[in-house]
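Chain by chain, the residues run as shown.
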Amino acid sequence: MRAAVMWGPGKPFEVQEIDVAAPAPGQVAVDLHTCGVCASDLSLTTAFGQPTPVVLGHEGAGVVSAIGDGVDTIDVGAHVVLVWVPPCGKCAPCRRGDDYLCANRRSSADKRAGKGAAWASPLSVGGTTIHQGMATSTFAQRTVVPANAVVRIDDDVPFPVAAMMGCAVPTGVGAALRSAHVQPGDDVAVIGCGAVGLNAVMGAVVAGAARVVAIDPMPERRALAIEVGATEGVAPDGLAELSGLDVVIDAVGAPTTVAGAWKAVRRGGTVTVVGAGRPDQTVEINAYELFHDDKKLTGSFHGGISMHRDLPMLVGLWRAGRLPVEKLITGTADLSEINEVVAKQQSGEALRIVLTTQP
């Protein structure tokens, strides 16, 4: 099968033929039709220690093509979205309904962290094992994952939209609905209008926010934010002029943006950080101000979304026209063009180009 392999940290992708094993007991094979290139995919090998060679990608959709022994939760032919935090259903977070925080989530970093051997990757080329990035590896024509790492999606949902439902939509919309708990009438700002930030804008609109301020350096993205429901768009230097907001959602996650968000919220307001900050970065908050102003600073991992529970809700909002996901898709391109797609997205020329993987 074709896959985009990264042979060294931060190196360009090489689209080539690799081998993929058949699904073992408890696993399923998915023939991927579309995948999105998320910014976090591109920093895994350089900032977060993902070993190489690796097939990256965690935002994808396709059709189940084979199932291993013991799988009775999904059938061959089902349209599915990949779940990069597959819930075990048994740990404390899963039992309390926070399965996006599953304590038994598999990670290629487990072995390095002393948590035991990593799972056996199903990917290889010429006898060399290829790491399975995010335990999903959606930059390929096929992937093999545990059965709980896929969730059924209606057949009529276009594959490009379905791929966005794998990360950008739940992470952004969930940041507003689940993590920040935006309420009707709230004044909200969203910092960073990439795919996740724009979904946070749409989530705030769905929640009934009265004012939604989109903050981004690119005029085109501010304009798109207004098109999908923001009431106004401002450049980053305008953040310092904002105050008294009920909620600020930071889709960048840099110390400067978190600090700016903290200043912009009212007493009792909420700052929710959904942008993936760097491991070596620290945010300083004045201890007295934290106490006196009763502000809340929250993280938002995967938007606080349970894919198995919440995907039907997200699809329902899309069907109703309240989540116009198609407006966030700049276009599609073949997997072979992945390096060009990465360049366009990183430069800001494109917001999200969905890759197609099948002939």
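Just so you know, these numbers come straight off a predicted model, no measurement behind them. (Residues numbered from 1 in each chain as written. Predicted model: local features only at pLDDT ≥ 70, side-chain atom pairs only at ≥ 80, totals over all residues. Heavy atoms only, no water.)

Enquirer: Sorry if this is basic, but what is going on with the sheet that holds strand β13 (residues 211-215) here?
Expert: Pairing between the strands of a sheet is mediated by backbone hydrogen bonds and can be parallel or antiparallel. Read across the sheet, 6 strands follow the order β14-β13-β12-β15-β16-β17 without closing on themselves; strand pairing throughout is parallel. The strands lining the two open edges of the sheet, one partner per strand, are β14 (232-234) and β17 (296-299). Pairwise comparison of adjacent strand axes, ignoring direction, gives a mean angle of 20° for this sheet. One ladder, built from 5 bridges, connects strand β15 (residues 245-250) with strand β16 (residues 265-273); its direction is parallel. Note on β16: the bridge partner recorded for I249 is T272. The strands touched by helix α7 (residues 255-264) are β12 (187-191), β15, β16 and β17; relative to β16, the strand with the most contacts, the crossing angle is about 150°. (Pairing = 2+ DSSP bridges. Helix = DSSP H or I, 4+ residues; strand = E, 2+ residues; numbered from the N terminus. Axes fitted to C-alpha atoms, helices over the stretch in contact; angles between N-to-C directions. Contact = heavy atoms within 4.5 Å.)

Enquirer: Which parts of the structure should I look at to understand the pairing of strand β18 (residues 331-334)?
Expert: Every other side chain in a regular strand lies on the same face of the sheet, so the side chains alternate between the two faces. Where β18 meets strand β19 (residues 353-356), 4 bridges bridge the pair, whose relative direction is parallel. Within β19, the residue paired with A333 across the bridge is L355. For the segment spanning β18, helix α10 (residues 338-347) and β19, crossover handedness is right-handed. (Right-handed = clockwise from strand over helix to strand, strands pointing away.)

Enquirer: Help me out: how do you make sense of the pattern of salt bridges in this one?
Expert: Pairs may arise between side chains of opposite charge once their charged atoms sit close together. Within the structure shown, the criterion is met by 14 salt bridges. Among the ionic pairs, D155 bridges to R152, the shortest N-O distance being 2.9 Å. Given the relative accessible area of 46%, D155 is considered partly exposed. Judged by its relative accessible area of 42%, R152 falls in the partly exposed class. Of the charged contacts in the structure, one is a salt bridge between R178 and D310, with a shortest N-O distance of 2.7 Å. A residue pair is termed long-range when its members are at least 10 positions apart, and R178 in helix α4 (residues 168-179) and D310 in helix α9 (residues 307-319) qualify at 132 residues. Note on R178: relative accessible area 33%, which makes it partly exposed. (Salt bridge = Lys/Arg side-chain N within 4 Å of Asp/Glu carboxyl O. Buried < 20%, exposed > 50% of the residue type's maximum accessible area, 1.4 Å probe, protein only.)

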